[in-house]
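Breakdown of the fold
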Amino acid sequence: MKKRAILIVLVAMQLIVLFVMAGLRYYTKENGTDLILLTEPVDLKQMVYEDTVYLTYDAQRISWSKWEGKTSLKDGEPIYVLFEKKGDIYEPTRVSREKMKGIVLRAKYQYNDTGFMHVTYGMERYRFSPNTKIESGERKWQVYIKTSPYHQFVTRILP
C-alpha cells in the first residue's frame, strides 16, 4: 500500500512538471513580447541535419561598456541582456547579473574577446519545417522571438 502511494505521488509530480512546462510556453506565446534579432550570414553547408541550422546572432557579441557588474564573469554564468528597439531590430543596451525591467533575454556568458563579451541565449539551434526552401548567402536573417519573464523561444525566421 505504501509503495503504491509513493508511485502515485511520483507520477503526479511528473505530470505537474509537464503541465508547468507546457503552460510556460503557452503563456509566452500568448502574452510574450515580440523581439526581432539579426543573425550573422548563415552557411547552409554547415547544417547538422537537412532541416536544422545553428544561428549566430549579432547580439551574441556585446561591448563590455554595457556590462553593469563590478566583478568579472565566469564561463557559463547566467546573465540578463536588456534590449531596445533600433528601427525594426532590437539591440542589446545593458547586461547585468540582475533581472531588469523591459525586454530582457536570459543568456550565459561564454568568453571575453578584446572589448567584447560573447554570450549564448539557448536559441542558437533552429529546426525548419521540412518543406521550407532556404538558400545560403551573405544576407543576414531576421529571427522572431517571443519572450516573457518566464520563457523565451524562436517563433520564426525570415531568410
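What comes next is a walk through the structure. All residue numbers refer to position in the chain's written sequence, counted from 1. Local features in this predicted model are restricted to residues of pLDDT 70 or higher, and side-chain atom pairs are both shown and tallied only at a pLDDT of 80 or more, whereas totals for entire chains, interfaces and linings draw on every residue. For the side-chain quantities, the full set of heavy atoms in the structure was used; hydrogens and water were omitted.

1. Observations concerning the overall build of the protein
Counting its regular elements, the protein contains 1 helix and 10 strands. The linear arrangement of helices and strands in the protein, starting from the amino end, is α-β-β-β-β-β-β-β-β-β-β. Here's how the labels work: a residue is buried when its accessible area is under 20% of the maximum for its type, exposed when over 50%, partly exposed in between, all with a 1.4 Å probe on protein chains only. Counting only residues that meet the buried cut, the protein has 36% of its 159 residues in that class. Note on areas: these come from Shrake-Rupley sampling with a 1.4 Å probe, and a residue is covered only by the protein chains present in the view. Looking at the protein as shown, the accessible area adds up to about 11000 Å², and 54% of this sits on carbon and sulfur atoms. Per the convention used, a helix needs a DSSP run of H or I reaching at least four residues, while a strand needs a run of E reaching at least two, with both numbered from the N terminus.

2. So, the nonpolar core
Each nonpolar core is a collection of buried residues, namely Ala, Val, Leu, Ile, Met, Phe, Trp, Tyr and Cys, held together in the definition by side-chain atoms within 4.5 Å. Judged by nonpolar contacts, the single largest core of 30 residues is most densely connected at L37, L55, I79, F83, M117 and Y121. Looking at this core, the elements that each hand over two or more residues are strand 1 (33-38), strand 4 (78-86), strand 5 (89-96), strand 6 (103-113), strand 7 (116-120), strand 9 (142-147) and strand 10 (152-158). For this core, the element with the most residues is strand 6, which contributes 4 residues. We call two residues in contact when some of their heavy atoms are within 4.5 Å. Filtering out sequence-adjacent residues up to four positions away, F83 remains in contact with L35, L37, A59, Y90, E91, P92, T93, I103, L105 and Y121.

3. What about the pairing of strand 6?
In this scheme, strands are said to pair when DSSP sees at least two bridges between them. Across 6 bridges, strand 4 lies against strand 6 in antiparallel orientation. Paired with I79 across the two strands is A107, which belongs to strand 6. Sheet topology note: the strand 6/strand 7 ladder contains 5 bridges and is antiparallel. Note on strand 7: the bridge partner recorded for Y109 is V119. Counting the residues in the hairpin turn of strand 6 and strand 7 gives 2 residues, including T114, whose phi is positive at 30°.

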